[in-house]
Amino acid sequence: AFTFATAGRIVFGSGVSADAGKLARTLGAKALVVTGSNRNRAADVFKSLQDEGIDTLAFSVKGEPTVDDIVEGTRMARQGGCDTVVSVGGGSVIDAGKAVAALMTNDGDPLDYLEVVGQGNNLAHRAAPHIAIPTTSGTGSEVTKNAVLAVPSHQRKCSLRDGGMLPTVALIDPLRTLDCPQRVTADSGLDALTQCLEPIVSRCSNPLTDAIAREGLRRAARSLRQAYECGSDVQAREDMAFASVCGGLALANAKLGAVHGFAGPIGGMFPAPHGAVCAALLPHVFRANVDALRERDPENPALPKFTEVARLLTGVHDATPEDGARFLEELNKSVDVRPLRAFGIQSGDFAEIVSKSSCSSSMKGNPIELTDSELAGILRAAL
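Notes on the structure follow.

**Considerations on the sheet that holds strand E2 (residues 30-35)**
Read from one edge to the other, the open sheet built from six strands follows the order E1-E8-E5-E4-E2-E3, with strand pairing classed as parallel. The two strands at the open ends of the sheet, each matched to only one other strand, are strand E1 (9-12) and strand E3 (55-60). Averaged over all pairs of adjacent strands, the angle between strand axes in this sheet comes to 15°, irrespective of strand direction. Here two bridges tie strand E5 (residues 130-134) to strand E8 (residues 169-172), and the two strands are oriented parallel to one another.

**Looking at the side chain of Thr209**
Take Thr209: it is sitting in helix H6 (residues 207-229). Residues contacting Thr209, with those up to four places away along its chain left out, are Phe4, Leu249, Ala250, Asn253 and Ala254.

**Examining the packing of helix H5 (residues 182-201) against helix H11 (residues 321-334)**
Viewed as axis vectors pointing N to C, H5 and H11 meet at an angle of 165°, and their least axial separation amounts to 12 Å. By the angle between their directions, the pair H5 and H11 is classed as roughly antiparallel. Seen along the crossing, H5 lies across H11 with a hand that is left-handed. Packed against H5, whose contacting residues are Leu190, Leu193 and Leu197, the element H11 presents Leu328, Leu331 and Asn332 at the interface.

**Things to note about the pairing of strand E4 (residues 84-89)**
Burial within E4 is extensive, with six of its six residues counted as buried. Side-chain alternation along E4 places Thr84, Val86 and Val88 on one buried face and Val85, Ser87 and Gly89 on a second face that is also buried. Bridge count between E2 and E4: five bridges; the pairing is parallel. For Thr35, the partnering residue across the bridge sits in E4 and is Val88. In this fold, E4 hands off to helix H4 (residues 91-104), which returns the chain to E5; that crossover is right-handed.

**Quick look at the pattern of salt bridges**
Within this structure, the stated rule accounts for 21 salt bridges. Salt-bridge contacts for Asp51 lead to Lys47; the nearest nitrogen and oxygen are separated by 2.8 Å. With Asp51 and Lys47 both in helix H2 (residues 43-51), this residue pair falls four residues apart, about one helical turn. The exposure class of Asp51 is exposed, given its relative accessible area of 53%. One salt bridge in this structure joins Glu72 and Arg75, with 2.6 Å as the shortest N-O distance. On the criterion of helical spacing, the pair formed by Glu72 and Arg75 is a turn pair, its members being three residues apart in helix H3 (residues 67-79). Taking relative accessible area as the criterion, Glu72 reaches 32% and is therefore assigned partly exposed. A single network of salt bridges, built from pairs that share partners, joins Glu215, Arg218, Arg219, Arg222 and Asp239.

Conventions we followed
- Residues numbered from 1 in each chain as written.
- Predicted model: local features only at pLDDT ≥ 70, side-chain atom pairs only at ≥ 80, totals over all residues.
- Heavy atoms only, no water.
- Pairing = 2+ DSSP bridges.
- Helix = DSSP H or I, 4+ residues; strand = E, 2+ residues; numbered from the N terminus.
- Axes fitted to C-alpha atoms, helices over the stretch in contact; angles between N-to-C directions.
- Contact = heavy atoms within 4.5 Å.
- Parallel < 35°, antiparallel > 145°, perpendicular 65-115°, else oblique.
- Left-handed = near helix turned anticlockwise from the far one by under 90°.
- Buried < 20%, exposed > 50% of the residue type's maximum accessible area, 1.4 Å probe, protein only.
- Right-handed = clockwise from strand over helix to strand, strands pointing away.
- Salt bridge = Lys/Arg side-chain N within 4 Å of Asp/Glu carboxyl O.

Below is the structure:
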């Protein structure tokens, strides 16, 4: 048995973000528009909203959102009389939008609802209506029920997670990613690829998430390099935007694994972009999982799935897991993925990273429990 939940409505296609105002008009009268630091990138969305008679109030998030950012955004929304949220940006912006929308309709502080370092309470009320418009192809945040927030006091990044946080509308326009910088294209694209790969081999996978994740993985494998090398290639951008959605749909309903189990704690301890961390770790986690399954649990149904993943990645009908790992390593080289040491991580940090990662929610989806020694070995290989 399994359940599957996602955004109330998914609208996908080149140019669809022009409909933001018409969609918002059915949800409320005044929108808090959450953007990144460059608000001008959302100028057309502001105009679309205003043309439909929607009042707007702007809130900018500079980088990955913190608990304090959400407190401030919620204060602005309430004092400004907002009844709707429209988020226009990458995964950090959309996560901020989801968290603010949740706190607009629920009392208390973000820490009352955060996992791991907070109380982990469920929301009493569904979040305010929310239209999520991504400008990168990576996190799939527009179709997931959690918001990742930095908690500097704990040097952690943790999720505020509830089914009531799923956006009302996910408005995915690949044209919004055409001017995405190469570095962001690579890091976010490898995050999307990871979020299609990990749910397939997750211990919580199901036939529906497998079908969705397979298609996303195919598209990311064939188009990420082209999107990186030629950002104006609309077909490649459409493939990556679709892969991002597939990854979001899959992870929200089948969990992730050790790559994301590491990424949260590392992102909380070091100034390392989430996608960059995932990219650096992916080939090494892939190898470690295959080795551990062969050694300790060769009958695990996830093991043949690593062969399937290798064939999806390479397009070669008889590819092996080793071929899949090599493909990932070569893809990383082709888009100039940085090693973990580029973000200040040193071998002396491994013990703390392993300790924090072992209890992360994503690690629970990994197909086999990895030992501390195996986890440290992954970090060593990615350093």
